[in-house]
2 protein chains.
Amino acid sequence: MIFNQKWQGYRIQNGVYSDPFPASVPGNIQKDWARSHNFGDVHYAENCEKFRELEDDFWEYRAHLDYTANEGERVFFVSQGIDYKYDISLNEKVIHSDEGMFHKIELDLTDALLESGNELSVKIYPHPKRAGSPVGSILEADHSCKPPVCYGWDWNPRLLISGLWQEAYIETRTSAYIRNCEVFYTLSEDFSVADVTVSIDCDLSCSFELFDADGNIVYSGSDTSFTVNNPILWWCNGQGDPYLYTYKASNSEYSVFGTVGFRSVRIVRNFNAIDPSLFPKSRYDAPFTLMLNGRRVFMKGSNWVNPDIFWGDINRDTYDSLLTLVRDANMNILRMWGGAAVAKRDFYELCDKYGIMVWQEFMLACNRYPDDADYLTVLEKEARAIITDHRRYPCLILWCGGNELFNGWSGMDDQSLPLRLLDKLCYELDYGKPFIKTSPLVGMGHGCYIFADSRGDRAGIMGGDVYKSFQQANCVAYTEFGVPSISSEEVLRSIIPEDELFPIGETKSYLLHHAVKAWRPQSHACVPIIESYFGPSESLGQLIDRSNFLQCEGYKACYEEMRKQEPHCSAALNWCFNEPWKTAANLSVIMYPANPKPAYYAIKEALRPVLFSARIPKFDWKAGEVFKAEIWFLNDSPEAASGEVSVSLRVGEHTFSLLDWKNVSTPAGENLQGAQVCCVLPDAIGETEMTLTLTSPDGKGSEYRLVYYEKPKVTKRRVLNF
Amino acid sequence: MIFNQKWQGYRIQNGVYSDPFPASVPGNIQKDWARSHNFGDVHYAENCEKFRELEDDFWEYRAHLDYTANEGERVFFVSQGIDYKYDISLNEKVIHSDEGMFHKIELDLTDALLESGNELSVKIYPHPKRAGSPVGSILEADHSCKPPVCYGWDWNPRLLISGLWQEAYIETRTSAYIRNCEVFYTLSEDFSVADVTVSIDCDLSCSFELFDADGNIVYSGSDTSFTVNNPILWWCNGQGDPYLYTYKASNSEYSVFGTVGFRSVRIVRNFNAIDPSLFPKSRYDAPFTLMLNGRRVFMKGSNWVNPDIFWGDINRDTYDSLLTLVRDANMNILRMWGGAAVAKRDFYELCDKYGIMVWQEFMLACNRYPDDADYLTVLEKEARAIITDHRRYPCLILWCGGNELFNGWSGMDDQSLPLRLLDKLCYELDYGKPFIKTSPLVGMGHGCYIFADSRGDRAGIMGGDVYKSFQQANCVAYTEFGVPSISSEEVLRSIIPEDELFPIGETKSYLLHHAVKAWRPQSHACVPIIESYFGPSESLGQLIDRSNFLQCEGYKACYEEMRKQEPHCSAALNWCFNEPWKTAANLSVIMYPANPKPAYYAIKEALRPVLFSARIPKFDWKAGEVFKAEIWFLNDSPEAASGEVSVSLRVGEHTFSLLDWKNVSTPAGENLQGAQVCCVLPDAIGETEMTLTLTSPDGKGSEYRLVYYEKPKVTKRRVLNF
């Protein structure tokens with residue numbers, strides 16, 4: 001039986017305890033402090049800065065234990081994880097010290113309990129900061145397993161949190177308690193048979209029942225292994241049903257329930273993986289093609305970040321509102337980016353349910369984690385827990401060491417022991433599931449994170465706008481790429497003081513909310529890029545509209561181009577899906593907490609299983625130029641597709657009928673390249689935009705908005721150099 | 001006590017045993033058969049083909065056991081390894097079945113022995129051949145741990161061998177027997193302290209003594225751990241002494257002896273490792289810079305292959321004659337190429353002694369080894385034995401999964417379970433020693449294997465001669481590259497029938513001895529390339545001289561260029577050092593068994609720790625051209641170097657004094673780039689060669705022979721297209 005406790009919090013400065021304040025569990029103690037000390041809305045203006053003064057203090061949770069135990073029952077303190085370094089004391093005596101927020105704690109208190117009046121306390125140490133590291137940088141986190149994102153990222157304020165971020169409670173247990181039940185299986189090569197092994201951790205013998213989704217019994221008994229014939233497979237979104245079986249393991253006193261999804265997953269070499277032709281020869285590109293249940297599946301999705309700066313507040317509803325949006329956007333995968341690492345259990349349960357595959361990274365990102373025995377000990381403890389707790393979810397299809405570790409700004413490499421350790425642990429504990437040491441590997445691509453080069457930014461980082469840039473690229477997978485936009489006026493007004501609002505400048509609030517100097521000098525608002533296409537904006541609303549116009553068309557161009565590069569290309573995941581607080585500008589397509597930007601709907605269109613799509617060489621066009629576009633029929637669905645399309649271009653009064661393509665059909669999972677259309681662009685006085693429309697019945701059409709310049713104004717208004 | 005046995009061999013065809021024939025142990029039973037059936041000299045003409053008919057037979061060794069055992073002693077059958085799959089029977093009863101040639105066998109026979117008249121037999125299965133693989137190809141070996149080289153390589157005839165290739169004997173042991181003694185240590189960061197742990201596998205307690213190289217006792221006692229202060233470090237050739245301590249572990253009855261070399265080894269990221277500048281960004285190059293005892297050491301060496309086609313015949317003398325040549329060539333490393341895998345113990349002991357570092361690969365090469373449970377079981381058994389038997393040698397500085405596994409012709413990749421398994425086992429059993437999954441990794445280079453492109457070969461595989469090709473390349477390590485030559489006339493006359501000798505053509509003997517169609521159509525004799533520079537040869541002797549001229553100058557150009565690319569480049573290892581039999585032409589610098597080619601001495605010069613060197617843009621020059629060369633001062637020694645040089649170019653009667661460079665000095669391990677010299681080449685009638693001479697006292701000078709064409713003949717004689 002579970003007994004939730006009433007917790008009080010204390011701040012400890014130089015050994016001196018504050019007055020107690022109410023502490024939420026699960027929660028973050030810094031937020032509890034802020035609430036009782038009137039920090040105000042953390043999203044507004046500079047309020048998040050107030051948390052800086054709390055970084056180096058100790059904190060303590062205390063509860064006068066309130067529970068009843070029957071004769072023979074043991075009394076446990078249980079938590080799914082405590083952030084980050086802590087001592088647990090019972091009646092002022094330390095009974096457990098630990099480090100690492102992702103492994104479970106189960107402490108048998110029974111023998112140390114008094115008859116009554118027991119007090120349990122959890123003392124939280126200051127956030128890890130490596131001695132000698134630059135103050136306020138993520139390097140402070142480079143010798144610990146604390147997710148570095150809290151130390152500040154280009155979309156996450158510096159806001160260090162800790163405490164009882166997961167459920168924590170007293171539980172009474174008899175000797176019949178079922179500590180764990182896990183179901184393993186191997187599928188035959190033709191997927192017609194699942195050999196199932198059940199592992200139940202209980203001192204008593206248990207019975208086991210497996211049910212199909214309709215509640216029919218598939219197996220019932222006490223064997224630890226049995227066979228399921230013709231299992232219904234779990235498929236990701238767009239490829240079939242995310243079919244789940246349920247199970248019940250029970251004895252006379254306890255029952256545990258869970259789900260099983262039968263599926264196989266492999267990562268294989270990409271079609272036409274680049275094998276150098278000239279000597280001296282190096283290796284070919286890293287493999288990144290996903291085979292789900294023997295079927296090649298194009299990974300289309302996004303990068304997930306922590307959905308709240310206060311991780312303790314995140315709950316099933318937080319996840320559900322976002323994950324239904326993922327599913328509805330025709331996405332099939334989320335990359336759980338290393339800097340924020342592992343979500344709560346509800347996340348994976350919902351991904352199982354919605355058919356959203358999860359690429360799970362460990363908590364390493366953009367740092368050089370050391371070959372250090374103390375660090376490796378904590379990492380191994382955390383990684384063992386993460387792997388054994390999550391390997392059961394069919395949604396989890398790939399382990400990865402962490403983010404961008406093989407790039408100059410991190411400086412780790414193939415020899416780094418933390419990554420060799422993680423590979424080894426995954427091999428041992430989750431044999432056969434793919435593992436990569438980091439992203440990107442050779443041949444995979446990260447970036448770029450702007451719509452186009454501009455004078456206001458470093459030259460040549462892309463070599464054009466996102467249309468041109470990705471048409472030139474030839475990656476086996478695009479696992480991060482981003483086009484920013486400015487948040488809605490409503491959001492801006494709730495976080496930026498009125499007098500700073502417009503024009504967007506390097507004010508404290510805009511800086512803190514990542515409108516400027518977040519990545520490049522102008523990121524993420526990128527006003528100079530917007531102005532390079534449209535000239536100065538007259539109002540905040542106009543600027544926001546233009547920014548979202550670029551994000552919509554930019555993301556559409558990226559995703560559709562990457563799909564056209566199938567099967568050499570195997571993945572398209574933008575940076576990023578969601579955000580942890582109200583940003584002023586971001587690459588995300590969802591505003592905090594779960595409000596879609598216009599780009600969300602554009603991506604949803606671009607990711608339809610079947611659509612007609614245009615490969616347009618660039619975004620901006622001018623009168624007199626020869627407009628060209630390739631017309632494609634995209635199909636990543638598991639069925640053959642057919643359709644027809646009419647292509648027309650409209651500039652003001654001028655409409656050009658460019659193509660009628662009839663009786664178009666393509667097999668399951670295959671794209672078809674059609675004709676290249678072209679026309680000379682007219683001089684349409686006063687027009688600034690043109691539209692390419694692919695009209696098709698059954699929702700397979702597409703529309704592309706492009707920038708158009710009438711003749712005389714081009715050289716004056718444009719500063720881009722294509 | 002050890003009792004060698006007298007063995008008889010049997011060939012078993014369709015279950016029928018042949019008459020017995022004498023079998024050598026260690027040895028290979030096919031060679032025993034050949035000897036008693038007059039196959040003739042295996043090197044001559046087509047004799048090696050006679051072994052093809054033996055491939056699919058069973059073989060058996062039998063010995064009537066001859067030993068004496070005292071009261072209480074146990075009787076063991078011991079072998080360091082049996083090739084490849086086998087049953088061991090005592091008195092016709094199978095007592096052990098096994099697979100894999102690299103793990104040790106120790107069978108306690110005692111309880112099954114008769115009073116007298118015991119017969120031990122070892123039945124050898126046919127060589128593994130994967131069902132369905134193309135007959136006669138290395139694909140036959142792609143599901144086994146049999147080294148694939150025996151299935152035929154471009155310098156090794158197809159000649160499948162098996163049997164008791166290592167010592168095999170009866171040993172009587174008391175309960176005091178010391179099964180193993182191994183010494184582990186960790187060095188402090190400043191190398192001033194070694195924390196030593198001794199592991200002795202014995203049922204009785206043992207004492208342990210450690211001696212320095214002069215025989216002075218460093219430690220004596222029975223502790224399992226102790227400290228050595230200021231240990232004298234083991235260094236590789238050219239960087240210091242390969243200092244070895246010796247130890248003795250003993251009890252009342254037994255003593256075992258061994259050596260310990262204190263050294264630390266790491267592989268770190270290369271200087272200026274290439275981090276892509278344009279988005280989308282991939283990863284940077286694989287790390288390959290060696291840090292030995294904290295000092296960056298440029299790896300200069302070669303690729304080692306099995307030194308005999310009959311592995312059973314290889315002994316300490318075989319190794320010694322070759323390894324002294326390695327040492328004397330100023331080399332510090334050998335890559336133990338995966339196709340031939342692991343040598344006998346003597347090899348590593350000698351490498352320890354001579355300071356030759358060993359890059360040890362497992363037995364995977366150029367094949368796609370499967371994610372198959374049976375294969376992985378054998379691989380794990382073999383790999384565990386290889387790692388635990390060899391981790392003790394200080395010479396062994398790098399583990400590697402195998403050869404060219406991440407290239408199109410192999411088709412394995414980062415996800416392949418055999419390579420993940422090997423990484424995991426190395427991490428567990430030899431923690432901290434570098435491991436790479438294969439060579440080449442990204443940024444490392446293999447090839448090319450010819451002196452230059454020519455009309456007779458596929459166009460564009462290099463883009464020039466080896467001078468130009470490697471000056472254009474920018475690899476972090478060149479771990480295979482080769483320039484072939486034709487073997488000496490003496491060798492050719494001993495292997496090629498008189499009537500086939502000249503000109504070299506596609507005769508059976510030349511084909512079998514790899515003069516033609518070994519790699520490219522013209523490899524390895526490469527007569528069209530030789531003719532492209534010199535025109536037709538008038539005699540075999542002249543052709544051989546010209547071939548060796550190209551190999552000498554080619555290898556010198558390669559090695560010296562790679563040294564100039566330090567520190568971005570960290571390694572230069574040519575393909576290959578030695579050869580397993582008498583080839584007609586090969587990329588090796590040593591002819592079988594241990595006879596240096598002229599190129600050996602050229603490489604020895606190129607690898608002097610300190611020398612003046614010229615970077616010459618190409619090999620062939622013509623009258624009227626502007627000759628250019630950069631003059632460098634190379635120093636990879638651990639001391640600062642100084643010197644002076646005069647540079648002159650001679651073409652027939654013409655001598656140009658190009659440079660006097662005085663007071664040249666450079667710190668330890670650093671190269672210095674000097675001036676570029678140049679002059680217009682004269683028209684020297686009748687000349688075909690010119691020489692660039694770098695004259696320097698103290699043996700630091702160099703000389704480069706180049707091809708020269710007087711004016712009118714150029715266009716007619718040259719077919720190369722630079």
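Position labels on residues start from 1 in each chain and follow its written sequence. Note on labels: chains are lettered from A, ligands numbered from 1, in written order. Predicted model: local features are reported for residues with pLDDT of at least 70 only, side-chain atom pairs are reported and counted for 80 or more only, and whole-chain, interface and lining totals are derived from all residues. Note that the side-chain values use all heavy atoms of the structure and ignore hydrogens as well as water.

Participant: Report on the relation of the copies chain B and chain A, specifying residues and quantitative values.
Facilitator: Superposing copies: least-squares fit, C-alpha atoms only, residues required to have pLDDT of at least 70 in both. Overlaying chain B with chain A gives an RMSD of 0.0 Å, the required rotation being 180 degrees about an axis along which the chain moves by 0.0 Å. The two molecules are tied by a two-fold rotation axis, judged by turn and shift. The C-alpha atom lying nearest the rotation axis in chain B is that of Lys424(B); the distance is 2.5 Å. Of the residues that chain B buries at the interface, 100% are likewise interface residues in chain A, meaning the two copies contact each other through the same surface. Whether two residues are in contact is decided by their heavy atoms: any pair within 4.5 Å suffices.

Participant: Which residues make up the pairing of strand 5 (residues 58-64) of chain A, and what values do they have?
Facilitator: Residue and element names in this part refer to chain A. Of all seven residues in strand 5, five are buried, a share of seventy percent or more. Summarising the sheet, strand 2 (residues 7-13) and strand 5 pair through five bridges and their orientation is antiparallel. Paired with Arg11 across the bridge in strand 5 is Trp59. By the convention used here, strands pair only if DSSP detects at least 2 bridges between them. Elements are defined by DSSP. Helices are runs of H or I of four residues or more, strands are runs of E of two residues or more, and each kind is numbered from the N terminus. Pairing geometry for strand 5 and strand 10 (residues 119-124), over six bridges, is antiparallel. Across the sheet, residue Glu60 finds its bridge partner in strand 10, namely Lys123. Burial status follows relative accessibility: with a 1.4 Å probe on protein chains alone, a residue under 20% of its type maximum counts as buried, one over 50% as exposed, and anything between as partly exposed.

Participant: Explain the packing of aromatic side chains residue by residue, including any values.
Facilitator: Residue and element names in this part refer to chain B. Only Phe, Tyr and Trp rings take part, Trp by its six-membered ring, and two of them pair if their centres are within 6.5 Å. Stacked means planes under 30 degrees apart, edge-to-face means over 60, and tilted covers everything else. What the rule picks out here adds up to 106 aromatic pairs over all chains. Each ring, one from Tyr177 and one from Tyr254, has its centre 5.2 Å from the other, and the planes form 85 degrees; the classification is edge-to-face. Note that Tyr177 is positioned in the loop between strand 11 (168-173) and strand 12 (178-187) and Tyr254 in the loop between strand 17 (245-250) and strand 18 (255-260), a separation of 77 residues in sequence. Centroid distance Phe470 to Phe481: 5.9 Å. Interplanar angle 65 degrees. Geometry classified as edge-to-face.

Participant: Lay out the confidence of the model for chain A with the relevant residues and their values.
Facilitator: All names here are of chain A. pLDDT gives the predictor's per-residue confidence on a scale running from 0 to 100. Of all residues in chain A, 98% attain a pLDDT of 70 or more, and the chain-wide mean is 96. Predicted confidence is poor over residues 717-722, with pLDDT under 50, and the contacts of this stretch with residues over four places away or in other chains come to 21 contacts. This prediction of the complex comes with two scores: 0.95 for pTM and 0.94 for ipTM.

Participant: Any details on the nonpolar core? Residues and values, ideally.
Facilitator: One finds Phe77(A) and Phe77(B) to be the most contacted residues of the largest nonpolar core, which totals 490 residues. Apart from the residues within four sequence positions on either side, Phe77(B) is in contact with Trp7(B), Ile82(B), Ile88(B), Ile105(B), Glu106(B), Leu107(B), Leu109(B), Leu120(B), Val122(B), Ala168(B), Tyr169(B) and Ile170(B). Put simply, buried Ala, Val, Leu, Ile, Met, Phe, Trp, Tyr and Cys residues joined by side-chain atoms within 4.5 Å make one nonpolar core.

Participant: I'd like to hear about empty space enclosed by the protein, residue by residue, with values.
Facilitator: Note on definitions: the grid is 1 Å and covers protein atoms alone; a cavity is a set of points where a 1.4 Å probe fits but cannot get out; a pocket is an open set with protein on both sides within 12 Å along at least five of seven lines; lining residues have an atom within 4 Å of a point. Grid points are joined across faces, edges and corners, and a volume is the space filled by probe spheres set on the points. The full count for this structure, using the stated rule, is eight cavities of 30 Å³ or more. If you list the elements that add at least two residues to the lining of the largest cavity, you get strand 26 (435-436) of chain A together with strand 26 (435-436) of chain B. By residue class, the composition of the lining of the largest cavity is eleven nonpolar, one polar and eight charged. Under the grouping applied here, Gly and all other residues not named as nonpolar or charged are polar, the nonpolar ones being Ala, Val, Leu, Ile, Met, Phe, Trp, Tyr, Cys and Pro and the charged ones Asp, Glu, Lys and Arg.

Participant: Account for the interface of chain B and chain A, naming residues and giving values.
Facilitator: Where interface size is quoted, it is often the accessible area lost as the parts come together. Every contact between the two is made by 62 residues of chain B and, on the other side, 62 residues of chain A. By buried area we mean how much accessible surface two parts lose on assembly, using a 1.4 Å probe and totalling the loss over both. Summed over both sides, the interface between chain B and chain A buries roughly 4700 Å², with carbon and sulfur atoms accounting for 51% of that surface. Among the residues of chain B in contact with chain A, Phe279(B), Arg420(B) and Tyr427(B) are the three that bury the most area, contributing 17% of the side total. Here, a salt bridge means any Lys or Arg side-chain nitrogen found within 4 Å of an Asp or Glu carboxyl oxygen. Counting the contacts that link chain B with chain A gives ten salt bridges. Across the pair Lys424(A) and Glu428(B) runs a salt bridge, and its minimum N-O distance is 3.0 Å. Here a polar contact means two N or O atoms within 3.5 Å. Within protein one must be a hydrogen donor candidate and the other an acceptor candidate, and residues neighboring in sequence count only if both atoms are side-chain atoms. Here chain B is connected to chain A by 22 residue pairs in polar contact (both at pLDDT 80 or more). Those elements giving two or more residues to the side of chain B that touches chain A turn out to be strand 19 (265-268), helix 5 (417-429), strand 26, strand 27 (444-446) and helix 6 (466-472) of chain B.

Participant: Account for the pattern of salt bridges, naming residues and giving values.
Facilitator: The tally for this structure, following the rule as stated, stands at 100 salt bridges over all chains. A salt bridge links Glu55(B) to Arg52(B), with the nearest nitrogen and oxygen atoms 3.5 Å apart. You can call Arg52(B) partly exposed: its relative accessible area is 36%. One salt bridge in this structure joins Glu644(B) and Lys662(B), with 3.8 Å as the shortest N-O distance. You can see Glu644(B) sitting in strand 37 (residues 641-651) and its partner Lys662(B) sitting in strand 38 (residues 654-666), a full 18 residues away along the chain. You can call Glu644(B) partly exposed: its relative accessible area is 34%. One salt-bridge network, in which partners are shared between bridges, spans Glu380(A), Arg384(A), Lys424(A), Glu428(A), Glu380(B), Arg384(B), Lys424(B) and Glu428(B).

Participant: Can you tell me about the environment of Val94(B), naming the residues and giving the values?
Facilitator: Residue and element names in this part refer to chain B. Position of Val94 among the secondary structure elements: in strand 8 (residues 93-99). Look at Val94 and you get partly exposed, because its relative accessible area is 46%. The spacing of Val94 and Phe347 is 253 residues in sequence and 33 Å in space, taken between C-alpha atoms. Ignoring anything within four residues of it in the chain, the contact list for Val94 reads Asp87, Ile88 and Ser89.

Participant: Break down unusual backbone geometry for me, citing the residues and quoting the values.
Facilitator: In this model, Gly447(A) is joined to Cys448(A) through a cis peptide bond whose omega is 0 degrees. Relative to the elements of secondary structure, Cys448(A) occurs in the loop between strand 27 (444-446) and helix 6 (466-472). Between Val25(B) and Pro26(B) the backbone carries a cis peptide bond, its omega angle lying at -5 degrees. Tracing the backbone shows Pro26(B) in the loop between strand 4 (21-23) and helix 1 (29-36). In this structure, Asn293(B) takes a positive phi of about 50 degrees despite not being glycine. Relative to the helices and strands, Asn293(B) is located in the loop between strand 20 (289-292) and strand 21 (295-297). What makes Asn293(B) buried here is its relative accessible area of 5%.

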